[in-house]
Amino acid sequence: MTPDRIEKQVILPAPLQAVWHAVADAEQFGTWFGVRFDGPFAAGGTVTGHIVPTRMDPDIARLQQPYAGAAFALQVDQIVPMRRIAFRWHPFAVEPGIDYTAEPMTLIVFALEPVADGTRLTITESGFDQLPPARRARAYAANDGGWTMQTRLIATYLAGGPSGPKTGQGTT
């Protein structure tokens, strides 16, 4: 049986404002995540992203390479500044020629909390139990591993990795 929910937590040694901008600014998000968006994140809006292998980690970039150029829609569900941003998408919708738009979407929440050592980032994706049974386990497994990798990528980005901010100075 496939679980309905993935949850990953990481303590980032960065100020809340820097982490917020890394998850809420489409350009910054795309830099570490490995995607180029066609516009900014706005609550209630939809942006299209195209996979571009990340520059944060060459091993993860190699895993993303087979999907380079693949497009996906990201619906921005909610933005609560400095606390939470939530998206909906079709998870692991990467097979060329397949129309995933009739399938239910999962909900991804990036929740931020200031802690003594920086900022706790909790990434939750839920709704896998609504996916077609033929895709459910594969989508869950891919995204479970994917979110683990993404926590590494955002940490590298915030530490000043390729094109990342210097979090000791904050970002605007």
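In case you missed it, the structure is sitting above this.
The rules behind these values
- Residues numbered from 1 in each chain as written.
- Predicted model: local features only at pLDDT ≥ 70, side-chain atom pairs only at ≥ 80, totals over all residues.
- Heavy atoms only, no water.
- Helix = DSSP H or I, 4+ residues; strand = E, 2+ residues; numbered from the N terminus.
- Buried < 20%, exposed > 50% of the residue type's maximum accessible area, 1.4 Å probe, protein only.
- Contact = heavy atoms within 4.5 Å.
- Pairing = 2+ DSSP bridges.
- Axes fitted to C-alpha atoms, helices over the stretch in contact; angles between N-to-C directions.

> Pulling in residues and values, what's your account of unusual backbone geometry?
Positioned with a positive phi, M82 is a non-glycine residue whose angle comes to about 65°. One can find M82 in the loop between β4 (71–80) and β5 (84–89). Taking relative accessible area as the criterion, M82 reaches 28% and is therefore assigned partly exposed.

> With reference to specific residues and values, describe the side chain of R135.
Looking at the element boundaries, R135 is found in helix α4 (residues 133–158). Residue classification places R135 among the buried positions, given a relative accessible area of 15%. Apart from the residues lying within four places of it in its own chain, the contact partners of R135 are P91, F92, A93, Y100 and E103.

> Provide a residue-level description of the sheet that holds strand β3 (residues 46–51), including the pertinent values.
Taking strand neighbours across the sheet as the criterion, the seven strands line up as β1-β7-β6-β5-β4-β3-β2 in an open arrangement whose pairing is antiparallel. In the strand order of this sheet, the two ends are held by β1 (5–12) and β2 (35–37), each with one partner. Ignoring which end each strand starts from, the neighbouring axes of this sheet average 25° apart. Looking at chain direction, β2 and β3 are connected through three bridges and run antiparallel.

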